[in-house]
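Chain by chain, the residues run as shown.
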Amino acid sequence: MSAHQHKRLAQNHRWQTEVLPCLIRPYMSMLRQTDNLRNEAGMLDKACTCLNNPRLLEISIVRFTKLQKLVLSVCACRTAAVQLVEQGLFPCAPVHPTLAVDIHVLDFVTWLFLRIAPNNTAWADSINEFLSSQGYQLQGQDPLRRRFGNALQWYNSLQDLTANFVDQVLSIARNYEEGGSEVSDAEVKTVEIAKGKEARESSEDDDSDVDSGSDQPAKKQLRIDSDQEMNHLSRPSEYLRGRCPLCFGGPSQSAQDFNAIVCIDACFTQKHNKRSHKDPPRQHPRTVFLPESDVKRWEEIVASLRPPKTVPKTAAGGEAREDGYELSLKVPNSVLDACEASFTAADGSREKASTQFFDSTALMAMLCRHDRVLWLVNMTSPGERQHYALALIDQLFKNLPSGFTVGLLYDISCSIHRSCVKWGFLDAYLSRLTFAISVFHAYGYGWACQCVYHPRKCDGFGLSDGEGCERFWHSISKLIAYLRICGHHTRLYTLDSQVQYADRLSLLGIGNWLARKWRNTQTRRLEADTQVISSAKQDRYLREQWKSQLSSQTRPLPISALEDVLSDINSEDYQVAEVEGKLPDLRGKLAQVQAKLIRQEQLLGVVGQQQYRHLATSPFMALRMNAHALKVRLRNRLTSRKFERDRIERSFRRQHFSECFVDRKVRTQTEDAVKRRDPGIQALARQYNILCHKMEELVRLKRAPRNAIAPQPIPLKELFDLDVDDVIWQDVGLDASGDIENPPAWLTDEDVKSGIKGILLRDRCDEELRRLKHECIALYHWLSEEWQVVNACIEAATNLDLVYQLQERRRCLIKLGVTWRNALQGIPQLYNVSDWGLSASELSEAEQDLDEEKLEAVEETEEYIEMEDEFSDFDEDDLDIGLVERIDALEDGELSYGEEDLDDVDNLL
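Since the model is a prediction, treat every value here as computed from it, not as a measurement. Note on numbering: residues in each chain are counted from 1, in written sequence order. Residues qualify for local features only when their pLDDT is at least 70, as the model is predicted, and side-chain atom pairs are given and counted only at 80 or more; totals for whole chains, interfaces and linings, by contrast, use all residues. With hydrogens and water set aside, each side-chain value is computed from the structure's full complement of heavy atoms.

Q: Can you walk me through the overall build of the protein chain in this structure?
A: In this text, helices come from DSSP runs of H or I with a minimum length of four residues, and strands from runs of E with a minimum of two, each type numbered from the N-terminal end. Scanning the protein chain from terminus to terminus reveals 29 helices and 11 strands. A 1.4 Å probe rolled over the protein chains alone gives each residue an accessible area, and that area as a share of the maximum for its type sets the label: buried under 20%, exposed over 50%, partly exposed in between. Burial analysis of the protein chain (909 residues in total) assigns 55% to the buried set. Here, two residues are considered to be in contact whenever any of their heavy atoms come within 4.5 Å of each other. Considering only contacts in the protein chain between residues 6 or more positions apart, those separated by 24 or more positions represent 79%.

In structure tokens form, the structure reads like this:
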């Protein structure tokens, strides 16, 4: 390790263990005296007289419009950092700073860097040039960038530590049996000491992570093991209640619906370049990242429970059996195998990011249905391995009470559900966990899989789409370039800060979200009800027909599907081993059946054999086989086209001036490929429709086999939609399933088909309306509880600085109450002022004071909220997925940095 690295580590250790814990109180005092930076901080009015190694420091002060010189007398009891913070300044070094920055400047830059990618170099150069034009000059070749970057980094840490300090004080009060107990200065000091201890422990271990999923109050008796917490929780943990008040802040949901709905997804554009060493450890006090130890533990669990891929299933103790259902699963194994082949995400061994160039290959997130991040995982494998998702699910249930049910939306839910059932993962939670696939990615799955796992076909999911992760990836896409080259711990800290910022925005807009969802759901329910009424069928009859259709269309596929696994070069070794174990028995059975058919054909007699040969050479049967092959080919082409178009959508709204050469080249090639495919796909569809019309004519002329039905043509207008109910997924009339004496109504009656679609959508709308009502109740409960806790702390606390911070929290709660009330008061079903905890007079008073500020805040959140609207209709032309694949040139080392630059890469931007 170089001398420079030793110096950085020592400085980092001193900041976290000695300086920052001692700055919390001076910083809170300064905020109170300046009314949260609304006023200028006063100059020092007291000097130290201890004469304990006094020293004079000459410090340059950077303000918005000028440079100043300040001579400071420091000693052991009056450090430079404390004195500067008391004056509204922040030092660039922990002990003997040569430069300090006005906290107003740092606060402004902090808010700016939450909206754009952090760029210390551009900001420092701009300030330097601006001050130079005013006649001010800083000495040195690089006089501002490094020192300004240090001041900004540790000022942000002080902000977060202070906010977390107030959180822990509130947590102490919240966990007392009586909320009015006194919050004494001794307990405040206990929190500070605990915070300093945590900082020291964090700095000792480079890879240590705080378990963000457990409550972290200062009192030791409250810091319990996660397994004990799981057994003793009567409601979701304090961590989860803080992450999303709507999902976890109120009473339990009704038994007929899930208690919460979450989604999981991975983003492989959020990589981090591999470096010879990591930057000094630094962790956000409110981190949402899962500890690396938890992820590693689940990796070991998966490796121990799942047999090696080279070992056949029979060797693992299983018996070869005919293709069917895996234990409690409702989809045949052959269908699940086909789904895994459709998505590269289901194939964890397929490399999406090279570990040769990246030490962090991706991010995986778990969000609630309100697009609020619950946890993040830093991925280090080249593919999307299942143990990351399993670790997230396990962490969720550890923070939930027993009996709490969860609906999970995931791109490859069928695959991970199969693994859980097959290998015993998450056995303790499977009875409370229901899997479904996210709406936007449903097109990559077969119809049988969609019937079971599509959230519009699955009970309990309402109108949740599972695309919250995609919207989150879009919101942080501006950070891709910065996070690719900054330090490892800086990357994690920046992401945590972005999550906290997104939380503030979404919490303020929750009332508008609920009102908008209520109106949209009411509209869609009316449309669905009209569709059911138009079918002229009873609800019970339609539900019976849907149950019959589900049973028929999720039957196991024939032996050829298993042979396809053997011929597919992308098949996993363990899948090949399983198929090799099954096929000998199945081929033996097939040979027996074929021999039986030959004997039966010989028993038909002359007339019977003539009729059989006539049927085998029937024009209708030839058309049916050709149409079936054509539709399979068309479906595959449409799916491939959808994947390619997805890449264009991701780059469509990207600003062209920030698009690198590789991005433009990939986008251009993809656009050309899609344009080439579209005419061919349309030609296939027209050819398929011609065959359908010919078969329909043969049926009408009674030149088709008895009971045969013609397949439905594909409307060209909906060819590229790939909606779950489109004709492209239906194989009715293309196989022998409909060639029966009395075909079911769901197969032949258009009114029944329309009624089934309508009643399923109506059921989802009813679920959504029930959930929205419950979420409003949860919102009232959470606000009422927070209001009581904050007021109790204000009444009990004696420290004026702490009281000021608590009053600021109280002011934020009033602002939330006013904003939510105005958003919901137009909907009587959702609005009930008696449950708010805040009196009507308090809300009205606050509304007058905060009217202008409230309007500005609501406008500020509209851009974030409108992203959710773009997904509500599931129109791919309106979607902005935001998985922007920027700076791919870095992957191949097209941009390189010297070792000296990498040592200080945290300040490079």
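Q: What is the right way to look at the nonpolar core in this model?
A: Most often, soluble globular proteins have nonpolar side chains that are buried together. For this analysis, a nonpolar core means a set of buried residues of the types Ala, Val, Leu, Ile, Met, Phe, Trp, Tyr and Cys, connected via side-chain atoms within 4.5 Å. Of all hydrophobic cores here, the largest spans 158 residues; its most connected members are Phe 90, Phe 248, Met 364 and Leu 396. Counting residues in each nonpolar core, the second largest holds 16 residues, with Phe 620, Leu 634, Leu 691 and Met 695 among its members.

Q: Where do I start with the pairing of strand β5 (residues 260-267) in this structure?
A: When you tally the buried positions in β5, you get eight out of eight residues, the bulk of the element. The alternating pattern of β5 places Ala 260, Val 262, Ile 264 and Ala 266 on one face and Ile 261, Cys 263, Asp 265 and Cys 267 on the opposite face, and all of these are buried. Pairing between strands is defined by DSSP: at least two bridges between the two strands are required. Where β5 meets strand β10 (residues 406-410), five bridges bridge the pair, whose relative direction is parallel. Bridging from a neighbouring strand, Ile 264 pairs with Tyr 410 of β10.

Q: Can you walk me through the sheet that holds strand β11 (residues 433-436) in this structure?
A: Consider a sheet: its strands pair through backbone hydrogen bonds, and that pairing is either parallel or antiparallel. Pairing is mixed across the open sheet formed by five strands, whose spatial order is β9-β8-β5-β10-β11. Of all the strands in the sheet, just β9 (373-379) and β11 have a single pairing partner and so form its edges. Taken over all neighbouring pairs, the strand axes of this sheet differ in orientation by 20 degrees on average, direction set aside. Seen against the sheet, helix α13 (residues 413-423) touches β10 and β11 and runs at an angle of roughly 145 degrees to β11. Where helices are involved, their axes are fitted lines through C-alpha atoms of the stretch in contact, as for all axes, and angles between N-to-C directions lie from 0 to 180°. Against the sheet, helix α15 (residues 468-475) contacts β5, β8 (362-368) and β9, and its axis sits at roughly 50 degrees relative to β5.

Q: Got a minute to help me understand helix α19 (residues 539-553) in this structure?
A: At 3.6 residues per turn, the α-helix brings residues three or four places apart onto the same side. The end-to-end C-alpha separation of α19 is 21 Å, in line with the 21 Å expected for 15 residues at 1.5 Å each. Every buried residue belonging to α19 is among Leu 542, Gln 545, Trp 546, Gln 549, Ser 552 and Gln 553, and all of these are buried. Looking down the long axis of α19, one finds its buried residues gathered within 130 degrees of arc, a one-sided arrangement. Turned more than 90 degrees away from the buried face of α19, the exposed residues are Arg 540 and Lys 547. In this structure, the buried side of α19 is in contact with α14 (447-453), α18 (510-535), α25 (745-748) and α26 (750-796). In this analysis, the expected span of each helix is defined as 1.5 Å times one less than the number of residues it contains. By definition, the arc is the one covered by directions from the helix axis to the C-beta atoms.

Q: When you look at the pattern of salt bridges in this model, what are you seeing that I'm missing?
A: Side-chain pairs of opposite charge can arise where the charged atoms are in close proximity. In what follows, salt bridge is the name for a side-chain nitrogen of Lys or Arg lying within 4 Å of a carboxyl oxygen of Asp or Glu. Here the structure, examined in full by the defined rule, presents 30 salt bridges. Ionic pairing is found between Arg 174 and Glu 786, a salt bridge with its closest N-O pair at 2.9 Å. With Arg 174 in helix α5 (residues 145-175) and Glu 786 in helix α26, the pair connects residues that are 612 residues apart, well separated along the chain. Just as Arg 174 is buried, Glu 786 falls in that class too. Here Arg 471 and Asp 465 are joined by a salt bridge, their closest N and O atoms 3.4 Å apart. Residues Arg 471 and Asp 465 agree in their burial class; the two are buried. Sharing partners across several salt bridges, the network here consists of Arg 174, Arg 235, Glu 238, Glu 785 and Glu 786.

Q: Where do I start with the state of the cysteines in this structure?
A: Defined simply, a disulfide is a covalent bond joining two cysteines at their sulfur atoms. The disulfide definition used here is simple: a pair of cysteine sulfur atoms within 2.5 Å. This model, assessed by the stated rule, comprises zero disulfides. Of the cysteine sulfurs around Cys 414, a residue in no disulfide, the closest is that of Cys 449, at 3.8 Å. Among the residues examined, Cys 414 registers a relative accessible area of 2% and is labelled buried.

Q: Is there a simple way to explain helix α10 (residues 292-305) in this structure?
A: Taking 1.5 Å of rise per residue, the 14 residues of α10 would be expected to cover 20 Å, and the 20 Å separating its terminal C-alpha atoms lies within 8% of that figure. Every buried residue of α10 is accounted for by Asp 294, Val 295, Trp 298 and Val 302. For α10, the buried positions fall inside an angular range of 100 degrees around the axis, keeping them on one side. Exposed residues lying more than 90 degrees from the buried face of α10 are Ser 293, Ala 303 and Ser 304. For α10, the elements touching its buried residues are β9 and α12 (386-398).

Q: How should I be thinking about the sheet that holds strand β1 (residues 55-62) in this particular structure?
A: Strand order in the open sheet formed by four strands is β2-β1-β4-β3, and the pairing between neighbours is mixed. Taken across any chain shown, the strands that pair with only one partner, and hence form the sheet edges, are β2 (67-74) and β3 (89-91). Taking each pair of neighbouring strands and ignoring which way they run, the sheet shows an average axis angle of 35 degrees. For β1 and β2, the ladder comprises eight bridges, and the chain directions are antiparallel.

Q: Mind showing me how you'd approach the packing of aromatic side chains here?
A: The way to describe two aromatic rings as a pair is by their centre distance and the angle between their planes. Pairing of aromatic rings covers Phe, Tyr and Trp, the last counted by its six-membered ring, and requires centre-to-centre distances within 6.5 Å; plane angles under 30 degrees mean stacked, over 60 mean edge-to-face, and any other angle means tilted. In the structure shown here, the tally under the stated rule is 14 aromatic pairs. Summarising the aromatic geometry, the rings of Trp 15 and Phe 90 are spaced 5.7 Å apart at their centres and angled 10 degrees between planes, so their arrangement reads as stacked. Taken together, the positions of Trp 15 in helix α1 (residues 3-33) and Phe 90 in strand β3 put the pair 75 residues apart, joining distant regions of the chain. Ring geometry for Trp 123 and Phe 148: centres 6.5 Å apart, planes at 35 degrees, overall tilted.

Q: Got a minute to help me understand the environment of Phe 472 in this structure?
A: The residue Phe 472 is located in helix α15 in this model. Assessed through its relative accessible area of 6%, Phe 472 is described here as buried. Spatially, the C-alpha atom of Phe 472 lies 9.1 Å from that of Val 499, the residues being 27 residues apart in sequence.

Q: Can you help me understand the confidence of the model for the protein chain in this one?
A: Low pLDDT means the predicted coordinates in that region are not meant to be read closely. For the protein chain, per-residue confidence averages 76 on the pLDDT scale, and 66% of positions sit at 70 or higher. β9 holds the highest mean pLDDT among the elements of the protein chain, 96, whereas helix α29 (residues 899-903) holds the lowest, 37. In this model, residues 177-182 is a region of pLDDT below 50 whose contacts with residues beyond four sequence positions or in other chains number nine contacts. The pLDDT value expresses, per residue, how confident the predictor is, ranging between 0 and 100. Across residues 854-909, where pLDDT falls below 50, the model places 146 contacts with residues more than four positions away in sequence or in other chains.

Q: What am I meant to see in the side chain of His 488 here?
A: Along the polypeptide, His 488 turns up in helix α17 (residues 488-508). The exposure class of His 488 is buried, given its relative accessible area of 4%. In this structure, His 488 is in contact with His 272, Arg 275, Lys 278, Asp 279, Glu 292, Ser 360 and Asn 378, ignoring residues within four places of it in sequence.

Q: Looking at this structure, I do not really get the pairing of β1. What am I missing?
A: A regular strand places its side chains on the two faces of the sheet in alternate fashion. Remark: four residues form the turn of the hairpin made by β1 and β2, two consecutive strands paired antiparallel. Sheet topology places β1 next to strand β4 (residues 99-102); three bridges connect them, and they run parallel. Its bridge partner lying in β4, Ile 61 is registered against Ala 100.

Q: Looking at this model, I keep getting lost on unusual backbone geometry. Mind explaining?
A: Most of the time, phi is negative for any residue but glycine, and the peptide bond is trans. Unlike most non-glycine residues, Asp 35 shows phi in positive territory, near 55 degrees. The residue Asp 35 is located in the loop between α1 and β1 in this model. With phi around 65 degrees, Asp 371 is a residue other than glycine that occupies positive phi space. For Asp 371, the location among the structural elements is in the loop between β8 and β9. When its relative accessible area of 10% is taken as the criterion, Asp 371 is described as buried.

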